[in-house]
Amino acid sequence: MSRTSRKPKIRVPTSKEDRAIAAAAKSDPDAKPLTLQQLKAMVPLRGRPRSPSKKLLISVRYSPEVVAYFRATGDGWQARMDSVLRSYVARQARRA
């Protein structure tokens, strides 16, 4: 392993530099500090919100024509494919 690191070294500002940075940030009219009320109202986010309908991760093989058709419909093609399959399942359930 190489002795020289290619990662840039992080330089921690001195107390004087830190005060100058804080003063510059406070003087910026577009960067107002949050109030205590705003800070208390914040809710931490962790990843995507849970979906009410949980989906299963599986591996499936489809014909290239089917995948090409749905991909050509743009972003969200997998959700549209799921919708088509759900409609099919609902129709089959009504027939039974």
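The text that follows walks through the structure, step by step, so that each part is easy to find. (Residues numbered from 1 in each chain as written. Predicted model: local features only at pLDDT ≥ 70, side-chain atom pairs only at ≥ 80, totals over all residues. Heavy atoms only, no water.)

Here we look at the overall build of the protein chain
Stage number 1. Helices and strands together make up the secondary structure of the protein chain, namely four helices and zero strands.
Stage number 2. In the protein chain, the order of α-helices and β-strands from amino to carboxyl end is α-α-α-α.
Stage number 3. Scaling as 2.2 N^0.38, a compact globule of 96 residues should have a C-alpha radius of gyration of about 12 Å, whereas the protein chain reaches 27 Å, well beyond that.
Stage number 4. Viewed in the frame of its principal axes, the protein chain has a C-alpha envelope of about 75 × 50 × 25 Å.
Stage number 5. Burial statistics for the protein chain: of 96 residues in total, 4% are counted as buried.
Stage number 6. Total accessible area computed for the protein chain in this model is approximately 10400 Å², and 58% of it derives from carbon and sulfur atoms.
Stage number 7. Averaging the locations of the 22 positively and 7 negatively charged side chains of the protein chain gives two centres separated by 10 Å. (Helix = DSSP H or I, 4+ residues; strand = E, 2+ residues; numbered from the N terminus. Rg over C-alpha atoms; globule rule 2.2 N^0.38 Å. Buried < 20%, exposed > 50% of the residue type's maximum accessible area, 1.4 Å probe, protein only. Areas by Shrake-Rupley, 256 points an atom, 1.4 Å probe, with all protein chains shown as cover. Lys, Arg positive; Asp, Glu negative; His and termini not counted. Charge placed at Lys NZ, Arg CZ, Asp CG, Glu CD.)

Description of the layout of surface pockets
Stage number 1. The computed volume of the largest pocket comes to approximately 600 Å³.
Stage number 2. Lining the largest pocket are 17 residues, with Leu56, Ile58, Tyr62, Gln78 and Asp82 positioned closest to its centre.
Stage number 3. Looking at which element gives the most residues to the lining of the largest pocket, the answer is helix H4 (residues 77-95), with seven residues.
Stage number 4. Within the lining of the largest pocket, the residues separate by chemical class into ten nonpolar, three polar and four charged. (1 Å grid on protein atoms, 1.4 Å probe; cavity = no way out; pocket = protein on both sides within 12 Å on 5 of 7 lines; lining within 4 Å. Points joined across faces, edges and corners; volume = space filled by probe spheres on them. Nonpolar A, V, L, I, M, F, W, Y, C, P; charged D, E, K, R; others polar.)

Focus: the packing of helix H3 (residues 64-72) against H4
Stage number 1. Between H3 and H4, the least distance of the axes is 8 Å, while the angle of their chain directions is 120°. Viewed along their axes, H3 and H4 form a crossing whose handedness is right-handed. Across the interface between the two elements, Val66, Val67, Phe70 and Arg71 from H3 touch Trp77, Arg80, Met81 and Val84 from H4. (Axes fitted to C-alpha atoms, helices over the stretch in contact; angles between N-to-C directions. Left-handed = near helix turned anticlockwise from the far one by under 90°. Contact = heavy atoms within 4.5 Å.)

Details of the pattern of salt bridges
Stage number 1. By the definition in use, this model includes two salt bridges.
Stage number 2. We note a salt bridge from Asp82 to Lys55, for which the minimum N-O separation is 3.8 Å. Of this pair, Asp82 sits in helix H4 while Lys55 sits in the loop between helix H2 (36-41) and H3; the two residues are 27 residues apart in sequence, bridging distant segments of the chain.
Stage number 3. Overall, Asp82 belongs to the partly exposed group, its relative accessible area being 28%. (Salt bridge = Lys/Arg side-chain N within 4 Å of Asp/Glu carboxyl O.)

With respect to a nonpolar patch on the surface
Stage number 1. Residues Leu56, Ile58, Val60, Tyr62, Val66 and Leu85 make up a contiguous nonpolar surface patch of roughly 580 Å² in combined accessible area.
Stage number 2. Along the chain, Leu56 turns up in the loop between H2 and H3.
Stage number 3. The exposure class assigned to Leu56 is exposed, which follows from its relative accessible area of 76%. (Patch = residues over 30% accessible without salt bridge, like charges linked within 9 Å, V, L, I, M, F, W, Y side chains within 5 Å.)

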